[in-house]
Amino acid sequence: MHIGDPMTLAQLAQSAMQLYRRLRLAKTVELLRQTALPVIEVRLATGFPNNAYFSRAFRQAFGVSPSDAQRKEAGARPWSI
């Protein structure tokens, strides 16, 4: 495929789906870093339909599970008074 070649409808749809997934994963990271919401609440807030799909997508994108990422972030936060 060349940059000047027109994209098929299936290719456009796939690209849109990939963009939407990346946006949801970015919001997931933001929520895990900035809130104390349980992982299941973050999953629901970002529109992932089930835990298996969410965990797989997160691990594929970031190399760790959502719960491991949250624990890592929690350990990096300063202690609150």
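Rules behind the numbers
Residues numbered from 1 in each chain as written. Predicted model: local features only at pLDDT ≥ 70, side-chain atom pairs only at ≥ 80, totals over all residues. Heavy atoms only, no water. Helix = DSSP H or I, 4+ residues; strand = E, 2+ residues; numbered from the N terminus. Buried < 20%, exposed > 50% of the residue type's maximum accessible area, 1.4 Å probe, protein only. Polar contact = N/O pair within 3.5 Å; in protein donor to acceptor, adjacent residues only side chain to side chain. Core = buried A, V, L, I, M, F, W, Y, C linked by side-chain atoms within 4.5 Å.

Draft legend 1. Geometry of the environment of Leu23. In this fold, Leu23 is placed in helix H1 (residues 9-34). Separated by 23 residues in sequence, Leu23 and Thr46 place their C-alpha atoms 9.1 Å apart.

Draft legend 2. Structural context of the environment of Arg71. Inspection of the secondary structure assignment puts Arg71 in helix H4 (residues 66-76). Overall, Arg71 belongs to the exposed group, its relative accessible area being 55%. Remark: the alpha-carbon pair of Arg71 and Leu32, spanning 39 residues in sequence, is separated by 9.2 Å. Of note is the side chain of Arg71, whose polar atom sits 2.4 Å from the side chain of Asp68.

Draft legend 3. Molecular detail of the nonpolar core. Listed in full, the eleven residues of the largest apolar core are Leu25, Val29, Leu31, Leu32, Val39, Val42, Phe48, Phe54, Ala57, Phe58 and Ala69. Counting only elements with at least two residues in this core, the list comes to H1, helix H2 (39-45) and helix H3 (51-62). Of the residues forming this core, the biggest block, four residues, is contributed by H1.

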